[in-house]
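Examination of the molecular architecture
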Amino acid sequence: MTDIVSSQSGVTVSKAPARRDIGIKRRYAAERRFQAYGIAAIAFGLIFLFILLWTVIGKGYTAFQQTAITLPIEFTEKAIDPSNKRATDPSVLIAANYPVLLRDAIVKQLNINASSKPDVRDASAMLSKGAPIQLRDMVVADPSLIGKTVNVTVLADANVDSANKGQIDLTVDEKNRKVNDKQVGWMNELKASGALHKQFNTGLFVNGNSSRPEAAGLGVALIGSLYLMLIVLVLALPIGVAASIYLEEFAPKNRLTDLIEVNINNLAAVPSIVYGLLGLSVFINFVGLPRSASLVGGLVLTLMTLPTIIIATRAALRAVPPSIRAAALGLGASKMQMVFHHVLPLAMPGILTGTIIGLAHALGETAPLLLIGMVAFVANAPTTPLDPSTALPVQVYMWANEAERAFVERTSGAIIVLLLFLIVMNMGAILLRRRFERRW
């Protein structure tokens, strides 16, 4: 009943509108609070995302530059082929004393007394240990360099590179840092003459793994990840789509299909390390496939990605209106024609989106790859999926365990590369969905 009261003036006033106004105000206030909670949650997540990206990028952007030193190298006959045997024995060029060429070049460049062994040792230590290999490859590829003086740009040692990038505090006592005062002075001298400079670090993308930070790269990991993604795409996409079409369009609805659906949903939640144990016991121990091979990693990631693709594909098939199926069947199309000519093309945006998200998930996995041996130290690029290789997330894991200071920026640089790949893949999924999506 409506509450009615009489005022002194004799006019009746109802309490119901006032109560309704209070209720509306409360609902509006609750809605505003919910919106504020949502905005606060988003802001909270964005703050931590910003802190994460700031930390990774702040430590890793310097990895895309590398300190190098340009020296006039004298490819003397005395140091390379004193007996003039290269015409009959090409291996002489490989076994030549190339460190001496570098030592003489840096000593001459810095005007150091060659009889002062400590100074010569400190000056030679400013060059990468991989520089002699670079000279060897140059001479083997072009023996006419013997007897000539050529300006060669070689990598600086990792400690010199860190000092040049400001990652080593040069104000502390030289006993507590790996670059002494003499080397700092020589660095400034070489920098003033233009011999010491920074250049784009192409080795980060083409070199294999190395115990020397300045020479370590992601080349093997990139090729290994490419093989992994190709194997997952070739196997998981057709198998996942075929299984989804059968379960959604052709399979009878009974206990067996319900059990299969429950198990597919459960497999999507299984920890990835379990798939690594499965791959180790089945593909390596039982089948006998080689350890550390991209093929084994691709098979393991395929098993891990299949549930995601199946669930996404079935959801995309269900999103197609039943009227499309009824219209196709009403016009005389068979069930196979109805599925492949009408339903599947309309569900393709969702299928592609689910596939790309599954691939991005697989690209970032580390645990299953560790168990099948892809954590091995691999310096040479794999030529086939059966060759030993590693992957981007595994390379990040390996570099993060290194004790050298320079591997810290290498680790963050590899994370940046991995994040870029994931961003590109997720943006591709969004663009494909917007490009082909239809609203009903």
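My aim in this report is to walk through the structure given alongside it, one point at a time. Remember, predicted model here, so these are calculated numbers, not experimental data. (Residues numbered from 1 in each chain as written. Predicted model: local features only at pLDDT ≥ 70, side-chain atom pairs only at ≥ 80, totals over all residues. Heavy atoms only, no water.)

Description of a nonpolar patch on the surface
Taken together, the side chains of I42, L46, L49, L52, L53, I57, Y61, L419, L420, I423 and M427 present a nonpolar region at the surface, about 1,000 Å² in accessible area. Elements with a contribution of two residues or more to the nonpolar patch: α1 (16-60) and α18 (406-436). The biggest single contributor to the nonpolar patch is α1, with six residues. (Patch = residues over 30% accessible without salt bridge, like charges linked within 9 Å, V, L, I, M, F, W, Y side chains within 5 Å. Areas by Shrake-Rupley, 256 points an atom, 1.4 Å probe, with all protein chains shown as cover. Salt bridge = Lys/Arg side-chain N within 4 Å of Asp/Glu carboxyl O. Helix = DSSP H or I, 4+ residues; strand = E, 2+ residues; numbered from the N terminus.)

Overview of the packing of aromatic side chains
Given two aromatic rings, their pairing is described by the distance between the two centres and the angle made by the two planes. Tallying each qualifying case throughout the model produces five aromatic pairs. Ring centres 6.2 Å apart and planes at 40° place the aromatic pair W399 and F407 in the tilted group. What makes F407 buried here is its relative accessible area of 1%. One aromatic cluster is present, formed by F64, F200 and F205 through successive ring pairs. (Phe/Tyr/Trp six-rings, centres within 6.5 Å; stacked < 30°, edge-to-face > 60°. Buried < 20%, exposed > 50% of the residue type's maximum accessible area, 1.4 Å probe, protein only.)

Regarding the pattern of salt bridges
With the rule as written, the count across this model stands at 14 salt bridges. The salt bridge partner of K182 is D119, with a shortest N-O separation of 2.5 Å. Of this pair, K182 sits in helix α8 (residues 181-193) while D119 sits in helix α5 (residues 117-124); the two residues are 63 residues apart in sequence, bridging distant segments of the chain. Residue K182 is classed as partly exposed on the basis of its relative accessible area, which comes to 44%. When its relative accessible area of 16% is taken as the criterion, D119 is described as buried.

Here we look at the packing of helix α4 (residues 98-110) against α5
Viewed as axis vectors pointing N to C, α4 and α5 meet at an angle of 105°, and their least axial separation amounts to 9 Å. Judged on the interaxial angle alone, α5 and α4 are roughly perpendicular. Between α4, through R103, I106, V107 and L110, and α5, the contact on the second element is made entirely by V120, A123 and S124. When its residues are assigned to classes, the contact of α4 with α5 shows five nonpolar, one polar and one charged. (Axes fitted to C-alpha atoms, helices over the stretch in contact; angles between N-to-C directions. Parallel < 35°, antiparallel > 145°, perpendicular 65-115°, else oblique. Contact = heavy atoms within 4.5 Å. Nonpolar A, V, L, I, M, F, W, Y, C, P; charged D, E, K, R; others polar.)

Considering the nonpolar core
With 44 residues, the main nonpolar core has L218, L301 and L369 as its most contacted residues. Those elements giving two or more residues to this core turn out to be α10 (219-250), α12 (272-286), α13 (294-318), α15 (335-363), α17 (392-400) and α18. Here this core gets eight residues from one element, more than from any other, and that element is α18. Counting residues in hydrophobic clusters, the runner-up holds 38 residues, among them I73, L101, M126 and V184. (Core = buried A, V, L, I, M, F, W, Y, C linked by side-chain atoms within 4.5 Å.)

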